[in-house]
Amino acid sequence: EDQVTQSPEALRLQEGESSSLNCSYTVSGLRGLFWYRQDPGKGPEFLFTLYSAGEEKEKERLKATLTKKESFLHITAPKPEDSATYLCAVQPNYGQNFVFGPGTRLSVLP
Amino acid sequence: DAEITQSPRHKITETGRQVTLACHQTWNHNNMFWYRQDLGHGLRLIHYSYGVQDTNKGEVSDGYSVSRSNTEDLPLTLESAASSQTSVYFCASSESESLEAFFGQGTRLTVV
């Protein structure tokens, strides 16, 4: 069974304090791994897609990396506006559907 | 700008009633999805469609149905609402198999 776990469940950082979020997955074959950001009361917003081990993507203070078993979302010098829940999802090779993890709730304090 | 909209944003209904949640997208995407989101769970797939007249069951489809009569709309129907269906429902669409999905703002449904 395809599974996605994320850690930590919640993370509190001071503004400027860099850290990483983890997404671990088990899937029979990986077509793609997706990161989304979700603000309270809103739908998830797409951030990155990673397709193969070793791939990296960057956007402002965020950088996503991928290995064969996990992905990391690195947040460099975060700001309060980075506070959100970050969701990871995998798309198996055999189908089009995404399997989502439970998310990491990030709070960045000024 | 293209978008995906859900209505209503909030709904309270009684156990046993039929409820329909609307989803409308102007991206002209073939793929559309319905998810539910509950505390402690990730987004779980209810139903999905790859095009007009195509519908498929997802992970948690019992008690739900969808129909796809045009590209833009995928309404979700709860046949007989149950308290276990109290949740936040998200509709999403994507252009093709391996591209990212765009999500609506969600519908918060409470079944009392």
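Provided above is the structure to which this section pertains.
A. Structural detail: the state of the cysteines. Here the structure, examined in full by the defined rule, presents two disulfides over all chains. Each disulfide pairs two cysteine sulfurs, and for Cys23 of chain A the partner residue is Cys88 of chain A, the sulfurs being separated by 1.9 Å. As the torsion about the S-S bond is roughly -60°, the Cys23 of chain A-Cys88 of chain A disulfide counts as left-handed. Of the two residues, Cys23 of chain A is situated in strand β3 (residues 19-26) and Cys88 of chain A in strand β9 (residues 84-92); the sequence distance between them amounts to 65 residues. Take Cys23 of chain A and Cys88 of chain A: they sit in the same class, and that class is buried. The residue that forms a disulfide with Cys23 of chain B is Cys91 of chain B, at a sulfur-sulfur distance of 1.8 Å. Disulfide Cys23 of chain B-Cys91 of chain B: torsion about the S-S bond near -70°, hence left-handed. Here Cys23 of chain B is found in strand β3 (residues 19-25), whereas its partner Cys91 of chain B is found in strand β9 (residues 87-94), with 68 residues between them in sequence.

B. Highlighting the environment of Val99 of chain A. All names here are of chain A. In this structure, Val99 sits in strand β10 (residues 99-100). Along the backbone, Val99 and Pro8 are 91 residues apart, and their C-alpha atoms lie at a distance of 18 Å. Beyond its immediate stretch of four places on either side in the chain, Val99 contacts Asp2, Val4, Cys88, Ala89 and Val90.

C. Expanded view of the nonpolar core. Counting 24 residues, the largest nonpolar core has Tyr25, Leu33, Trp35, Leu73 and Tyr86 of chain A as the members making the most contacts within it. Counting only elements with at least two residues in this core, the list comes to β2 (10-14), β3, β4 (30-38), β5 (45-50), β7 (62-66), β8 (70-75), β9 and β11 (104-109) of chain A. At four residues, β9 of chain A tops the list of elements feeding residues into this core. Counting residues in hydrophobic clusters, the runner-up holds 18 residues, among them Val19, Cys23, Leu74 and Cys91 of chain B.

D. View of the side chain of Asp82 of chain A. All names here are of chain A. Among the structural elements, Asp82 can be located in the loop between β8 and β9. Within polar-contact distance, the side chain of Asp82 engages the side chain of Arg61 at 2.8 Å. Not counting the four nearest positions on each side in its chain, Asp82 is found in contact with Arg37, Arg61, Leu106 and Val108.

Rules and cut-offs
Residues numbered from 1 in each chain as written. Chains lettered and ligands numbered in written order. Predicted model: local features only at pLDDT ≥ 70, side-chain atom pairs only at ≥ 80, totals over all residues. Heavy atoms only, no water. Disulfide = S-S within 2.5 Å. Helix = DSSP H or I, 4+ residues; strand = E, 2+ residues; numbered from the N terminus. Buried < 20%, exposed > 50% of the residue type's maximum accessible area, 1.4 Å probe, protein only. Contact = heavy atoms within 4.5 Å. Core = buried A, V, L, I, M, F, W, Y, C linked by side-chain atoms within 4.5 Å. Polar contact = N/O pair within 3.5 Å; in protein donor to acceptor, adjacent residues only side chain to side chain.

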